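Residue-level listing of the chains:
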Amino acid sequence: MPKPQILYVAVSDIEAAPQGSKKHVGRGRLVETCKRLKPWRRAVAEAARVQMNDQKLPIFDVPVDVQLLFRFNRPKSHFRANGDLRPNAPKHYFVKKNDIDKITRSTLDALVMGGAMKDDCLVVRLIAEKRYCHLFEPPGVLITVSTLPDSP
């Protein structure tokens, strides 16, 4: 059995952008509504490209497991004037804008753009989580892509 290959990618200082919401601009043309999408995909693709090179990994062309941990900044309304977290502020999980399926879609497409995998259809297991940043933690995503052992 071959040794599993694992790719670790960290994208920091940019919040994940959703992909999939489109608006009609005339003559049958649809465009993405989120202006943050292109910078997000560029950041993820570049980080993946760098890590594939640094870790000396070939492009994934077999079934893979992907884990995504999205981190978002807290809104200022979660804090008191002295900087302490308000008692009624959510402690951990981020349940506002940015549906997890749409930020996952943009991130997987960016991994393909960055040469990490041939196609996102190779993802056969996916774990995604979104939460607020911890103290001094930057927004972004932590990505793990790993090959799976051969099925019995």
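This text follows the structure it describes.
Sequence positions are assigned chain by chain, starting from 1 and proceeding in written order. Local features in this predicted model are restricted to residues of pLDDT 70 or higher, and side-chain atom pairs are both shown and tallied only at a pLDDT of 80 or more, whereas totals for entire chains, interfaces and linings draw on every residue. Calculation of side-chain values draws on the structure's entire complement of heavy atoms; hydrogens and water are dropped beforehand.

A few points about helix 1 (residues 37-54)
Alright, step 1. With 18 residues, helix 1 should cover 26 Å at 1.5 Å per step; its first-to-last C-alpha distance of 26 Å lies within 8% of that length.
Alright, step 2. Per-residue accessibility, obtained with a 1.4 Å probe over protein chains only, is compared with the maximum for each type, and a residue is labelled buried under 20%, exposed over 50%, and partly exposed between these values. The helix and strand labels rest on DSSP assignments: H or I over at least four residues marks a helix, E over at least two residues marks a strand, and numbering proceeds from the N terminus. For helix 1, the complete set of buried residues consists of Leu-37, Trp-40, Val-44, Ala-45, Ala-47, Ala-48 and Met-52. Looking down the long axis of helix 1, one finds its buried residues gathered within 165° of arc, a one-sided arrangement. Away from its buried face, by an angle of more than 90 degrees, helix 1 presents the exposed residues Lys-38, Arg-42 and Asn-53. A helix is expected to reach a length of 1.5 Å times the quantity of its residues less one. Taken from the helix axis, the directions to the C-beta atoms give the arc we talk about.

A closer look at the packing of helix 1 against helix 2 (residues 100-113)
Alright, step 1. Their axes nearest at 8 Å, the elements helix 1 and helix 2 cross at an angle of 50°. Judged on the interaxial angle alone, helix 2 and helix 1 are oblique. With respect to the hand of their crossing, helix 1 and helix 2 are arranged in right-handed fashion. Contacts between helix 1 and helix 2 involve Leu-37, Trp-40, Arg-41, Val-44, Ala-45, Ala-48 and Arg-49 on the former and, on the latter, Ser-106, Thr-107, Ala-110, Leu-111 and Met-113. The convention used is that axes are lines fitted to C-alpha atoms, helices contributing only their stretch in contact, and that angles between N-to-C directions extend from 0 to 180 degrees. Working rule for angles: under 35 degrees goes down as roughly parallel, over 145 as roughly antiparallel, 65 to 115 as roughly perpendicular, anything else as oblique. Left-handed describes a crossing whose near helix is turned anticlockwise from the far helix through less than a right angle; right-handed describes the clockwise counterpart. Contacts: residue pairs with any heavy atoms within 4.5 Å of one another.

Description of the side chain of Asp-65
Alright, step 1. Relative to the elements of secondary structure, Asp-65 occurs in strand 4 (residues 64-72).
Alright, step 2. At 3.4 Å, the side chain of Asp-65 and the side chain of Gln-67 are in polar contact.
Alright, step 3. A 3.5 Å cut-off defines polar contacts: any pair of N or O atoms within that distance qualifies, except that in protein one atom must be a possible hydrogen donor and the other a possible acceptor, and neighbouring residues in sequence count only when both atoms are side-chain atoms. Reaching out from Asp-65, the side chain makes a polar contact with the side chain of Arg-125 at a distance of 2.7 Å.

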